[in-house]
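Structural description and commentary
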Amino acid sequence: MTSRIEHRAAFTAPAATVHARLVDRAFLESRLRAIGGKDATLVDLETTGETVRYRLRQGIDSTKLPSAIRTIVKGDLVVERTETWRPATQGFTGTTKATVTGVPGEVNGTYTLTTTPTGSELHTAAEVKVRIPLIGGKIESAIATHIHDLLTAEAAFTESQ
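Okay, so let's go over this structure. (Residues numbered from 1 in each chain as written. Predicted model: local features only at pLDDT ≥ 70, side-chain atom pairs only at ≥ 80, totals over all residues. Heavy atoms only, no water.)

Oppositely charged side chains can pair when the atoms bearing their charge come close. For the structure on display, the rule yields 12 salt bridges. For the salt bridge of Arg4 with Glu6, the shortest nitrogen-to-oxygen distance reads 2.7 Å. Note that Arg57 and Glu80 form a salt bridge whose closest N and O atoms lie 2.3 Å from each other. Remark: Glu80 occurs in strand 4 (residues 77-88) and Arg57 occurs in strand 3 (residues 51-60); sequence separation between them is 23 residues. (Salt bridge = Lys/Arg side-chain N within 4 Å of Asp/Glu carboxyl O. Helix = DSSP H or I, 4+ residues; strand = E, 2+ residues; numbered from the N terminus.)

A few words on the side chain of Glu154. Within the fold, Glu154 resides in helix 4 (residues 136-160). Side-chain polar atoms of Glu154 contact the side chain of Arg81, separated by 2.8 Å. In this view, Glu154 contacts Arg31, Ile35, Gln58 and Arg81; residues no more than four positions away in its chain are not counted. (Polar contact = N/O pair within 3.5 Å; in protein donor to acceptor, adjacent residues only side chain to side chain. Contact = heavy atoms within 4.5 Å.)

Between its terminal C-alpha atoms helix 4 stretches 36 Å, which fits the 36 Å expected from 25 residues at 1.5 Å a residue. Within helix 4, burial applies to Gly136, Ile139, Glu140, Ile143, Ala144, Ile147, Leu150, Leu151, Glu154, Ala155, Phe157 and Thr158. (Expected span 1.5 Å × (residues − 1). Buried < 20%, exposed > 50% of the residue type's maximum accessible area, 1.4 Å probe, protein only.)

Bringing the packing of helix 2 (residues 25-35) against helix 4 into the picture now. The geometry of helix 2 relative to helix 4 is characterised by a closest axis approach of 11 Å and an angle of 125 degrees between their N-to-C directions. On the basis of their axis angle, the class for helix 2 and helix 4 is oblique. For helix 2 against helix 4, the interelement crossing comes out right-handed. Between helix 2 and helix 4, the residues in contact are Phe27, Ser30, Arg31, Ala34 and Ile35 and Leu150, Ala153, Glu154, Phe157 and Thr158, respectively. Residue classes in the contact of helix 2 with helix 4 are distributed as six nonpolar, two polar and two charged. (Axes fitted to C-alpha atoms, helices over the stretch in contact; angles between N-to-C directions. Parallel < 35°, antiparallel > 145°, perpendicular 65-115°, else oblique. Left-handed = near helix turned anticlockwise from the far one by under 90°. Nonpolar A, V, L, I, M, F, W, Y, C, P; charged D, E, K, R; others polar.)

A word on the sheet that holds strand 5 (residues 91-100). Hydrogen bonds along the backbone pair up the strands of a sheet, which may run parallel or antiparallel. Across the sheet, seven strands lie side by side as 1-7-6-5-4-3-2; this open sheet has antiparallel pairing. The open sheet has two edge strands, strand 1 (2-11) and strand 2 (38-48), and neither has a second partner. Going from strand to strand, the sheet's axes swing by 15 degrees on average, the running direction of each strand aside. In this sheet, strand 3 lies alongside strand 2 in antiparallel orientation, the contact comprising eight bridges. The residue bridging Lys38 from the neighbouring strand is Gly59, located in strand 3. Packed onto the sheet, helix 1 (residues 15-22) meets strand 1, strand 3, strand 4, strand 5, strand 6 (105-116) and strand 7 (119-130) and runs at close to 145 degrees relative to strand 6. Along the sheet face, helix 4 touches strand 1, strand 3, strand 4, strand 6 and strand 7 and points at about 10 degrees away from the line of strand 1. (Pairing = 2+ DSSP bridges.)

This paragraph deals with the pairing of strand 3. One face of the sheet, then the other: side chains in a regular strand alternate in exactly this way. Between strand 2 and strand 3, which pair antiparallel one after the other, the connecting turn spans two residues, and Gly49 there sits at a positive phi close to 65 degrees. Pairing analysis gives nine bridges linking strand 3 to strand 4, with the strands arranged antiparallel. Within the sheet, the bridge partner assigned to Gly59 lies in strand 4 and is Val78.

In structure tokens, the structure reads:
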């Protein structure tokens, strides 16, 4: 089973300005300090031509996990998240991939950042896949909800900068 995530965020700044924030080392480090979770860190950031790739490590305290996840994972979760951004005809596109320690599965998604008449919009489409019989769907749903909430918090942080 797979859980889908759809998220849209509107910004008052044009796509180029928002993109510049999203791939800036100081911005990413500041966002991680503010809302990145336990032991959050920017592991690496590299630019090759017009493509920017970075990897984040974010922790989720075990006390904040649903009981279904606590039954299979002992301790805190560590999420490794890689994002890649590049220019597109109408703004910017990106991909994301995330894995969670101790959970057999992954999150894969795409980003589209476009300029709108009032600023810009970031659309995220992703899928959460957890390969655990019987309770995988419940875990996927919990992860999808956490990701949606995180995307909302990250968008609010980005807009406030």
